[in-house]
Amino acid sequence: YYNIRANFEIGSGVYQGIYQKPDFVKDGSNDRDRVDRLWNEEEAKSIFQSVNEASHCPVSDTKKRSKQSSPRLYDLTTLQRESNRLHHLPASRTLQIAQSLYEKHKVITYPRTDSKALPEDYVATCQELLRKTEGVLQPFAHKVLDEGWVNPNDKKVFNNKQISDHFAIIPTNTPPKGLDANELKIYNLVLKRFIAVFYPPAGWDVTTRMTQVNEHLFKTEGRVLVEPSWLSIYGKEQNVQDTLPAMSSSDDNQSKFIDCELIKDQTNPPPRFTEATLLSAMESAGKLVDDDDLADALKDKGLGTPATRAATIEHLIKEKYISRESTELRPSLKAEDLMQFLQAAGVEILTSPAMTGEWEQKL
């Protein structure tokens, strides 16, 4: 496919825009299609030629405030995913560490949970935990109390209907002592998420700039973090600036065309699964099932339970069906042979989450 990128100049600097197809609608016939991808070489060259003859180009900016809410409290699967993404720890190792933090050190609540909410009578407990937070995160925890952000009516946090046998993973009021490096990593993930969940959404100013070059449109986007809120707990501070130079009155809503480039590129195959993305696919296996009733049966279940998903992946590695290569999971020849055999025998249903959906529905 082809991209066309153009550089423009205004009083405060230079910016780049990317050509946008007019009236683009994603229709599902080509899941690799994008608003900035041209699939026909002749068409791409014709637009490139037309753009290259431009001089001054009208510009319009639209600004809007975009909110980014803090993520919900951890259940086991999201903790395993984050731990794999940030610290490259296998899911089984994360469960082992979380179990040790719960049983041996008593610094977090029961980890084998599929809930992301707390009981509705846990408001006072949360306030007490925030009060007892020590170390570098203490100012962030105390700010929640000072601002009165622990809201008993916040259903994202306190919700009896979203709790089965166990509630979300949160710290306990036992101070952490004698934790090793990996235990400290997992404990910090849990503690940061627990404090962040009470913060109001972070705010970004998003500027979308459309530059008209003859009859063609080029888009540029810039973001500025104006209200860091909970992002400051993760070290993202105020005024994270973008590189989009601002328009001024002297520009008279015009930019000067500098040059443009026709880029020939290729689509990439889907990336290999990591443990984080495989856990996510197992958790939301209903999305891979076409039958609405079966997908609905899988909606809150997925493949396995939070406690068994890691063991399933480890078992496949142990039996040499898949291998870990850096952070990627790769199938072996043994796995491919098995798939071919199941296909030849006409029992592909064994390879589909639809079968699990059917079991869940019948149960």
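Note that the structure is a prediction, hence the values are computed from the model and not measured.

## Regarding the packing of helix α2 (residues 76-87) against helix α9 (residues 306-318)
Two measures define how a pair of helices packs: the angle their axes make with one another and the distance between the axes.
Now for step 1: Packing of α2 against α9 leaves a shortest axis separation of 8 Å and a crossing angle of 40°. Classed by the angle they form, the pair α2 and α9 counts as oblique. Residue-level contacts link L76, T77 and Q80 of α2 to P306, A307, R309 and A310 of α9.
Now for step 2: Of the residues belonging to the contact of α2 with α9, the class tally is four nonpolar, two polar and one charged.

## Considering the sheet that holds strand β2 (residues 13-20)
Remark on secondary structure: sheet strands pair via backbone hydrogen bonds, oriented parallel or antiparallel.
Now for step 1: The sheet built from six strands closes into a barrel, its strands ordered β1-β2-β5-β4-β3-β6 with antiparallel pairing. On average, each strand axis in the sheet is tilted by 40° relative to the strand beside it, whichever way the strands run.
Now for step 2: Examined bridge by bridge, β2 and strand β5 (residues 216-227) share three bridges and lie antiparallel to one another. Among the inter-strand pairings, I18 is bridged to a residue of β5, identified as K219.
Now for step 3: Along the sheet face, helix α1 (residues 41-52) touches β1 (2-10), β2, β4 (202-213), β5 and β6 (254-264) and points at about 155° away from the line of β6.

## Some points on a negative patch on the surface
Now for step 1: Taken together, the side chains of D114, D165, D290, D291, D292, D293, D296 and D300 make up a negatively charged region of the molecular surface.
Now for step 2: Inspection of the secondary structure assignment puts D291 in the loop between α7 (275-283) and α8 (292-298).
Now for step 3: When its relative accessible area of 40% is taken as the criterion, D291 is described as partly exposed.

## Here's the deal with helix α3 (residues 91-103)
Now for step 1: Here α3 spans 18 Å end to end across 13 residues, near enough to the 18 Å set by a 1.5 Å rise per residue.
Now for step 2: Regarding α3, the residues found buried are A91, T94, L95, I97, A98, Q99, S100 and L101.
Now for step 3: Looking at the packing, one finds that the buried side of α3 touches α2, α6 (181-196), α7 and α9.

Parameters and conventions
- Residues numbered from 1 in each chain as written.
- Predicted model: local features only at pLDDT ≥ 70, side-chain atom pairs only at ≥ 80, totals over all residues.
- Heavy atoms only, no water.
- Axes fitted to C-alpha atoms, helices over the stretch in contact; angles between N-to-C directions.
- Helix = DSSP H or I, 4+ residues; strand = E, 2+ residues; numbered from the N terminus.
- Parallel < 35°, antiparallel > 145°, perpendicular 65-115°, else oblique.
- Contact = heavy atoms within 4.5 Å.
- Nonpolar A, V, L, I, M, F, W, Y, C, P; charged D, E, K, R; others polar.
- Pairing = 2+ DSSP bridges.
- Patch = residues over 30% accessible without salt bridge, like charges linked within 9 Å, V, L, I, M, F, W, Y side chains within 5 Å.
- Areas by Shrake-Rupley, 256 points an atom, 1.4 Å probe, with all protein chains shown as cover.
- Salt bridge = Lys/Arg side-chain N within 4 Å of Asp/Glu carboxyl O.
- Lys, Arg positive; Asp, Glu negative; His and termini not counted.
- Charge placed at Lys NZ, Arg CZ, Asp CG, Glu CD.
- Buried < 20%, exposed > 50% of the residue type's maximum accessible area, 1.4 Å probe, protein only.
- Expected span 1.5 Å × (residues − 1).

Read these as spatial facts, not as claims about activity.
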